[in-house]
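# Survey of secondary and tertiary structure
So you can see what is in the structure, the chains are spelled out below.
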Amino acid sequence: MTVYMKQTARAATALPMSEAERKARVELAACYRVFDMLGWTEMIFNHITLRVPGPEPRFLINPFGLHYSEVKASNLVLIDLEGNILRDTGWPVNRAGFVIHSAIHGALPDAHCVMHTHTTNGVALSCLKGGLSSDNFYGAMLHGRVAYHDLQGVTVDTGERESIVRDLGDRHVMILRNHGLLSWGETVAEAYLRLWTLQRACDVQLTVARSGGEVTQLSQPVIDRMLAESGPGEKRTCEDVFAALVRLVDARDPSYRD
C-alpha cells in the first residue's frame, strides 16, 4: 500500500488564508524546529499536526520528504480528515501520519495538536511488557494517565483509527507498543510538555534499568502529590516552557517563519 496521500481536485480550489491559519503555520513550524533541536527526528518520518481554527476540521501536517529542519510555515500542508490536500505546497502527505493523527483530531474536538515520535528510548520503552514505571520523578506525573495501543503494522489502514481512539480513551498521552510515543493537547504547548514528560520518564526508566540497581518504589501518597502538582497540568507552565524553546530556535535560525 502506498505511503503517500494523493492530491485531489479540492487542492486546486483557491482557499483564502486566514490570519488564524497563518499564526498556526508559524507556531507549528516552530515546533518542528524545536523537535529538530532536541533530536526528536526520524529522517523525514513522524508528525506533528495542528488544527486550524474554523468551522471545518482542517489541520496542518509536515510535507513528506522534508527533514524537520527544513519545515517552514509556508510548506506545511493543509488537509482535511479524509486526507484531501486543501492547500498545495508542492509536497505530498505521508499516509501513516494521516491515519494516526486524523483519528484523534476527528474523534476529540479538543485535540487541536497531536504529536508522534520514534525516539530511541521511546521505542525501546514501548517494547517493554510492563510499560511505563511510576517510580521516578517523571513517571509519577503520568501515573494512571498513559494509554497503550498494540502494534498492528505500519499505520496505513484507516480501519485502525477506531481502535486508536478506543485505546486512547480520555488520556492525553499514549505509548504505541513496539512503536513509539504520542501526545495531544488543546494547544501546541500542552501537547509538547506532555510528550516531553513522557520522553523524560522513558529516558530515566531505561537508564535505571541499565544500572542494574534496585528501584526505590514511590508510595501512593507521593504519587498522588506528583499528579496534583505536575507541570503538564498547568497551562501557564506549558506555555512558558514552549515559549522558552521557541526563543532558542529563533536565536539559531528564524527561517521557519517564512
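Presented here is a report on the structure given in the accompanying data block. (Residues numbered from 1 in each chain as written. Predicted model: local features only at pLDDT ≥ 70, side-chain atom pairs only at ≥ 80, totals over all residues. Heavy atoms only, no water.)

Turning our attention to the overall build of the chain. Helix and strand counts for the chain come out as 8 helices and 10 strands. Compactness check: the chain gives a C-alpha radius of gyration of 18 Å against a globular reference of 18 Å for 258 residues, within 12% of the reference. The principal-axis extents of the C-alpha atoms in the chain amount to approximately 60 × 40 × 30 Å. Looking at the 258 residues of the chain, the share that counts as buried comes to 49%. Taking the intrachain contacts of the chain between residues at least 6 apart in sequence as the baseline, contacts between residues at least 24 apart amount to 68%. When the accessible area of the chain is evaluated, it comes to approximately 12000 Å², of which 53% is carbon and sulfur surface. (Helix = DSSP H or I, 4+ residues; strand = E, 2+ residues; numbered from the N terminus. Rg over C-alpha atoms; globule rule 2.2 N^0.38 Å. Buried < 20%, exposed > 50% of the residue type's maximum accessible area, 1.4 Å probe, protein only. Contact = heavy atoms within 4.5 Å. Areas by Shrake-Rupley, 256 points an atom, 1.4 Å probe, with all protein chains shown as cover.)

Another point: empty space enclosed by the protein. One pass over the full model with this rule turns up 1 cavity of 30 Å³ or more. In this model, the largest cavity occupies a volume close to 50 Å³. What lines the largest cavity is Ile100, His149, Asp150, Leu151, Gly153, Thr155, Glu160, Ile164, Leu176, Arg177 and His179. Counted by class, the lining of the largest cavity contains 4 nonpolar, 4 polar and 3 charged residues. (1 Å grid on protein atoms, 1.4 Å probe; cavity = no way out; pocket = protein on both sides within 12 Å on 5 of 7 lines; lining within 4 Å. Points joined across faces, edges and corners; volume = space filled by probe spheres on them. Nonpolar A, V, L, I, M, F, W, Y, C, P; charged D, E, K, R; others polar.)

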